[in-house]
Amino acid sequence: MKTRFGVCAAGVLLLSAVAVFAHHAFQAEYDATKPVKVTGVVKKVEWTNPHIWFYVDVKEDSGKITTWGFSGGPPGMLMRRGITRDVLKPGDTVKVEGFRAKDGSNNASGGNVTFADGRKVFAGAAEDVVPQ
Amino acid sequence: MRKSSLSVLLWLDVFVIMTASAWGQAVPTRQSIPRTADGKPDFTGVWAGPGFTHRVGPNDTDTPRVSNFDPKNFAPFKAGGEALFMQKETGEVLHDDPTAKCLPDGFPREALAPYATQILQHPGVVIFLYEYMHFFRVVPTDGRPHPKDVEPTFMGDSVAHWEGDTLVIDTMGLREWTLDATTRPAIRYHSDALHVIERIQYTDPMTASYQITIDDPKIFTRAWSQDFGMKLHPSWKLYEQVCEENNRCEDGKCTAADAQK
């Protein structure tokens, strides 16, 4: 299994080489210079077009809970890549890496999702910048 | 279910760095090029166009990617043409990326989108159904010319003819719009004089070559071409793609969701 994850990481890196030169609404909506990396519990998943959204409750050092919203790929694109709506469920503990919304809100693109057991998926769109 | 889905994804990542032949055994295939009753090649089916890697994985998967035109293929610019083509960012999203506001990507950018395309072929007509934004093109193949006084549109007016086994599509009547998805260092626009020629030809029973020729006399000194590929995916169907449904981050302004209130 370790080998598979190693190869998976290589695949993500390879994808990123493509995506960095690609573009879509990502550039209009997110700031590629402001990476976001949080760990928390999935609160809600909107399996909707044009991009899925999922929300993660993150517990800060003060104990306060902050909800982050992440935008992923379009449902059809994810399904065609083998990611169905039941891959990401409320209650799951996840680490999410993406890039913050340009308006500075607690929203971000949601490229990489890592589950508590180490499994990692790229949930972004083809045009999204992939976190390194 | 969740485990199997993740497994598919993991294998997808594997397949990104492997050759298609190593993982393609499960994909339905065929031995010869299908033809319609009149003997023409039949492109009917759901295809992954230029916006995919064309490395077929388990369960007929493919990897979407954003394709753009390569500057190495560009013809020299006419005087003033580069300024029309490479337009500087203005900070106004309607200019910098109209699709972020769910406006059409238009042709030929639609053909490069990382979404599937379904082709339906009937005597005298080829129909393209594009998954991205639900666009379509109904292209006569009966030899008729473009109509006179074409009103410029996002998708233009297309007519086609056959040159042997190659389907040749001629498109004009396109309004000035973004040529592809490139925004850095500038947004690429084509003019309202753009004339596009597509040439589609089977290279084997499951793949086709797809050449796009850009003839934009207001921008370039001559026409130039780029070669892409198309891969047939027998198990695919078109998914619904609705830009307006939950486009919550327009213009970089991310509306607060119920979950955050």
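Q: Account for the overall build of chain B, naming residues and giving values.
A: Within chain B, the secondary structure is distributed over 5 helices and 12 strands. A buried classification covers 52% of the 261 residues belonging to chain B. Look at the contacts in chain B between residues 6 or more apart in sequence, and 58% of them connect residues 24 or more apart. Of the roughly 11700 Å² of accessible surface on chain B, a fraction of 54% belongs to carbon and sulfur atoms.

Q: Describe the sheet that holds strand E9 (residues 187-190) of chain B, with residues and values.
A: Spatial strand order, E2-E9-E8 (chain B): 3 strands in an open sheet with antiparallel pairing. Of all strands in the sheet, those bounded by a partner on one side alone are strand E2 (86-87) and strand E8 (177-178) of chain B.

Q: Tell me about the packing of aromatic side chains, and name the residues and values.
A: The geometry of two aromatic rings is summed up by the distance between their centres and the angle between their planes. Counted by the stated rule, this structure contains 22 aromatic pairs over all chains. Centroid distance B:Phe74 to B:Trp224: 4.9 Å. Interplanar angle 55°. Geometry classified as tilted. Within this pair, whereas B:Phe74 is found in the loop between strand E1 (45-48) and helix H3 (81-85), its partner B:Trp224 is found in strand E12 (residues 224-232), the two being separated by 150 residues in sequence. By relative accessible area, B:Trp224 is classed as buried at 2%. One aromatic cluster is present, built from ring pairs that chain together B:Phe69, B:Phe74, B:Phe77, B:Phe85, B:Phe220, B:Trp224 and B:Phe228. A:Arg80 extends its terminal NZ or CZ atom over the ring of B:Trp236, reaching a point 4.4 Å from the ring centre. For B:Arg248, the ring lying beneath its charged end belongs to A:Trp53, and the centroid distance is 4.0 Å.

Q: An account of the pairing of strand E11 (residues 207-215) of chain B is requested, with residue identities and associated values reported.
A: All names here are of chain B. With 9 bridges connecting them, strand E10 (residues 195-204) and E11 associate as antiparallel partners. Counted as the bridge partner of Ile197 is Thr213 from E11. Looking at chain direction, E11 and E12 are connected through 8 bridges and run antiparallel. Within E12, the residue paired with Ile212 across the bridge is Gln226.

Q: Could you give an account of the pairing of E10(B), with specific residues and numbers?
A: All names here are of chain B. In the sheet, strand E7 (residues 166-172) pairs with E10 via 5 bridges, with the strands oriented antiparallel. Its bridge partner lying in E10, Val168 is registered against Arg199. Linking two consecutive strands that pair antiparallel, namely E10 and E11, is a turn of 2 residues.

Q: Quick one: what's the story with the sheet that holds strand E3 (residues 116-122) of chain B, residue by residue and with numbers?
A: All names here are of chain B. With respect to topology, 9 strands assemble into an open sheet ordered E5-E4-E3-E1-E12-E11-E10-E7-E6, the strand pairing being antiparallel. Both edges of this open sheet fall to strand E5 (136-140) and strand E6 (157-163), since each of them pairs with a single strand only. Within the sheet, the average angular offset between the axes of one strand and its neighbour, ignoring direction, is 25°.

Q: Please give an account of the state of the cysteines that cites residues and values.
A: Residue and element names in this part refer to chain B. In the structure shown here, the tally under the stated rule is 2 disulfides over all chains. Cys102 shares a disulfide with Cys243; S-S distance 2.0 Å. As the torsion about the S-S bond is roughly -80°, the Cys102-Cys243 disulfide counts as left-handed. Of the two residues, Cys102 sits in the loop between helix H4 (93-96) and helix H5 (109-112) while Cys243 sits in the segment after E12, which places them 141 residues apart along the sequence. Residue classification places Cys243 among the buried residues on the basis of a relative accessible area of 8%. For Cys249, the disulfide goes to Cys254, at an S-S distance of 1.9 Å. No difference in accessibility class separates Cys249 from Cys254, as the two residues are buried. Bonded cysteines in chain B are paired 1-2, 3-4 when counted in the order they occur along the chain.

Q: Give a description of the pattern of salt bridges that names residues and reports values.
A: Applying the stated criterion across every chain yields a total of 14 salt bridges over all chains. Residue A:Glu46 pairs with A:Lys44 through a salt bridge whose shortest N-O separation is 3.6 Å. The exposure class assigned to A:Lys44 is partly exposed, which follows from its relative accessible area of 28%. Note that B:Asp97 and B:Arg109 form a salt bridge whose closest N and O atoms lie 3.6 Å from each other. With B:Asp97 in the loop between H4 and H5 and B:Arg109 in helix H5, the pair connects residues that are 12 residues apart, well separated along the chain. Overall, B:Asp97 belongs to the buried group, its relative accessible area being 3%. Exposure remark for B:Arg109: the relative accessible area of 6% places this residue in the buried category.

Q: So, the layout of surface pockets: which residues are in play, and what are the values?
A: Taken as a whole, the second largest pocket holds about 230 Å³ of empty space. For the lining of the second largest pocket, the elements supplying multiple residues, two or more each, are helix H2 (26-29) of chain A together with H4 of chain B. Classifying every residue of the lining of the second largest pocket by side-chain character gives 2 nonpolar, 4 polar and 7 charged.

Q: Hey, could you go over the side chain of A:Ser109 for me, with residue numbers and the actual values?
A: Residue position: A:Ser109 is located in strand E5 (residues 107-109). Setting aside its immediate chain neighbours within four residues, A:Ser109 contacts A:Phe26, A:Tyr30, A:Phe70, A:Ser71, A:Glu97, A:Gly98 and A:Phe99.

Q: Outline unusual backbone geometry, listing residues and values.
A: Following A:Asn49, the chain continues to A:Pro50 via a peptide bond in cis, the omega torsion being -5°. Its location among the elements puts A:Pro50 in the loop between strand E1 (30-46) and strand E2 (53-59). A cis amide bond links B:Phe107 with the next residue in sequence, B:Pro108, at an omega value of 10°. Relative to the assigned elements, B:Pro108 resides in the loop between H4 and H5. Within the chain, B:Met133 stands out as a residue other than glycine whose phi angle is a positive 65°. Looking at the secondary structure, you find B:Met133 in the loop between strand E4 (125-130) and E5.

Cut-off values and rules
Residues numbered from 1 in each chain as written. Chains lettered and ligands numbered in written order. Predicted model: local features only at pLDDT ≥ 70, side-chain atom pairs only at ≥ 80, totals over all residues. Heavy atoms only, no water. Helix = DSSP H or I, 4+ residues; strand = E, 2+ residues; numbered from the N terminus. Buried < 20%, exposed > 50% of the residue type's maximum accessible area, 1.4 Å probe, protein only. Contact = heavy atoms within 4.5 Å. Areas by Shrake-Rupley, 256 points an atom, 1.4 Å probe, with all protein chains shown as cover. Pairing = 2+ DSSP bridges. Phe/Tyr/Trp six-rings, centres within 6.5 Å; stacked < 30°, edge-to-face > 60°. Lys NZ or Arg CZ within 6 Å of the ring centre and 35° of its normal. Axes fitted to C-alpha atoms, helices over the stretch in contact; angles between N-to-C directions. Disulfide = S-S within 2.5 Å. Salt bridge = Lys/Arg side-chain N within 4 Å of Asp/Glu carboxyl O. 1 Å grid on protein atoms, 1.4 Å probe; cavity = no way out; pocket = protein on both sides within 12 Å on 5 of 7 lines; lining within 4 Å. Points joined across faces, edges and corners; volume = space filled by probe spheres on them. Nonpolar A, V, L, I, M, F, W, Y, C, P; charged D, E, K, R; others polar.

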